[in-house]
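Understanding the architecture of this molecule
This is what each chain is made of:
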Amino acid sequence: MDPTILLLSTRDTQGGAARAAFRLHQGLLMEGCDSRMLVQYQDSDTDGVISNQGFWPQMSSWIRSYMDVIPLQFYPNRTQSDFSPQSIIDPYLKKINHINPNVVNLHWISGGFLRLETLSRIQRPLVWTLHDMMAFTGGCHYNEDCENYLERCGNCPQLGSRKQRDLSLKGWQRKERLYPKLNLTVVTPSAWLAEKARRSPLLRDKRVEVIPNGLDLEVFQPRDKYTARELLNLPQDKKLILFGAQQAARSRKGGDLLQETVEELADMKGTENYEIVLFGKGISDLSYDFPVHQLGLLRDQLSLNLLYAAADVFVAPSRQDNLPNTIMEALASGTPCAGFKIGGVPEMIDHEVTGFIAKPFDTGGLALGLKWILEDEGRWLDLSKDARDKAVRKYDQKLQTRRYLDLYQELI
């Protein structure tokens, strides 16, 4: 009998981590697996996605989400980076036990969804797919320049704290007490995040596997550029530079670095016909030296695929990132990419093969890379072909699903 797999995720389709988990769920269903996806907020009506429906359950979810961040109010100097205490009691253990899965695969479980201590009460093998660093820090989702998590946290710069015994230390210590009790296997989409997890005192004794996220390559594929631009009302005679993210204006996503890059690009000869296309949240806060087309938040995959296919290059100026869905989607659509040598980005963009990798935060170098991609049509065609080939080799949803199924079977 096929195993029952339960995926836990705060949402099913909104946000990069949610989409990655949802795509795995779809892949498992297509393989004939009994896959369920338990979420706090349900955005789709896909088979197997489960949530506590109704006014009061949803109100309870919003209340828990609000209460979970109340401790942050005691840190008025904190940054706007994500920080998750995960201390609010949740109601999901009974539902998990009712489903009675063979394996529970955790994904992004913050936002008042699951209390950390609930994990020790799940009497099944746990697989935790990490979409950021939160599982092995005191609560931050990306460490930025801080390496306190390699010891015990405290004095947290993201909290604006100068105290050793702060919220980050308490979060770290809760995980230190909890994790030895868990039958836990860790999966990271990037080798970069795997290395961070293995160095962590909290997870160094756990098994860590690398399984890249996957895409439906029949949805995300190269399309006719003229048709894509016609459908999206984008100009046919311009070189289009695409940038977007779920939270595009956040510092970690590098919107300000892209502004600097574009300023450098505008000063170069031969860039007069360049234009910028933006999508995602927060894009109205960004301004550039070229004409800009703002498309807002695109929710369906076909529209996203058309957008990538309409662009000449996708740029990811992130300061820190795991394995961005945006780069993966662009590569699968045959669109070369450019970014900095940070996180999992250089695992995706092969320098001068599928795009261009600049030194971290060298905006002049990134500008030169964009121009290098765009200025030669023959080169662009080679980059486009190799981008698609990379996606087929590395990011096929079927390949991802088989690797997870092999892991699940091994743990049962």
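In this report, the structure presented in the accompanying data block is examined.

1. Topic: the nonpolar core
Side chains that are nonpolar tend, in soluble globular proteins, to be buried together. In this structure, F314, I327 and I373 are the most contacted members of the largest nonpolar core, which totals 60 residues. Apart from the residues within four sequence positions on either side, I327 is in contact with F314, A316, C337, V345, M348 and I349. Counting 39 residues, the second-largest nonpolar core is a separate cluster that includes I99, I109, L119 and C153.

2. Let's talk about the pairing of strand 12 (residues 337-340)
Of the two faces of strand 12, the one lined by C337 and G339 and the one lined by A338 and F340 are each fully buried. The pairing of strand 11 (residues 313-316) with strand 12 spans 3 bridges and is parallel. Bridge pairing links V315 to A338 in strand 12. The β-α-β motif built from strand 11, the intervening helix 9 (residues 325-332) and the parallel element strand 12 has right-handed crossover chirality. Relative to strand 13 (residues 355-358), strand 12 runs parallel, the two being bridged by 4 bridges. Looking across to strand 13, one finds that A338 is bridged to F356.

3. What to know about the pairing of strand 1 (residues 4-11)
The buried fraction of strand 1 is high, at 7 of 8 residues. One ladder, built from 7 bridges, connects strand 1 with strand 2 (residues 34-41); its direction is parallel. Within strand 2, the residue paired with S9 across the bridge is V39. In this view, the connection linking strand 1 to its parallel neighbour strand 2 by way of helix 1 (residues 16-30) has right-handed handedness. Of the pairings in the sheet, the one linking strand 1 to strand 4 (residues 103-106) comprises 4 bridges and is parallel in character. When the sheet's bridge partners are listed, L6 is paired in strand 4 with V104.

Parameters at a glance
Residues numbered from 1 in each chain as written. Predicted model: local features only at pLDDT ≥ 70, side-chain atom pairs only at ≥ 80, totals over all residues. Heavy atoms only, no water. Core = buried A, V, L, I, M, F, W, Y, C linked by side-chain atoms within 4.5 Å. Buried < 20%, exposed > 50% of the residue type's maximum accessible area, 1.4 Å probe, protein only. Contact = heavy atoms within 4.5 Å. Helix = DSSP H or I, 4+ residues; strand = E, 2+ residues; numbered from the N terminus. Pairing = 2+ DSSP bridges. Right-handed = clockwise from strand over helix to strand, strands pointing away.

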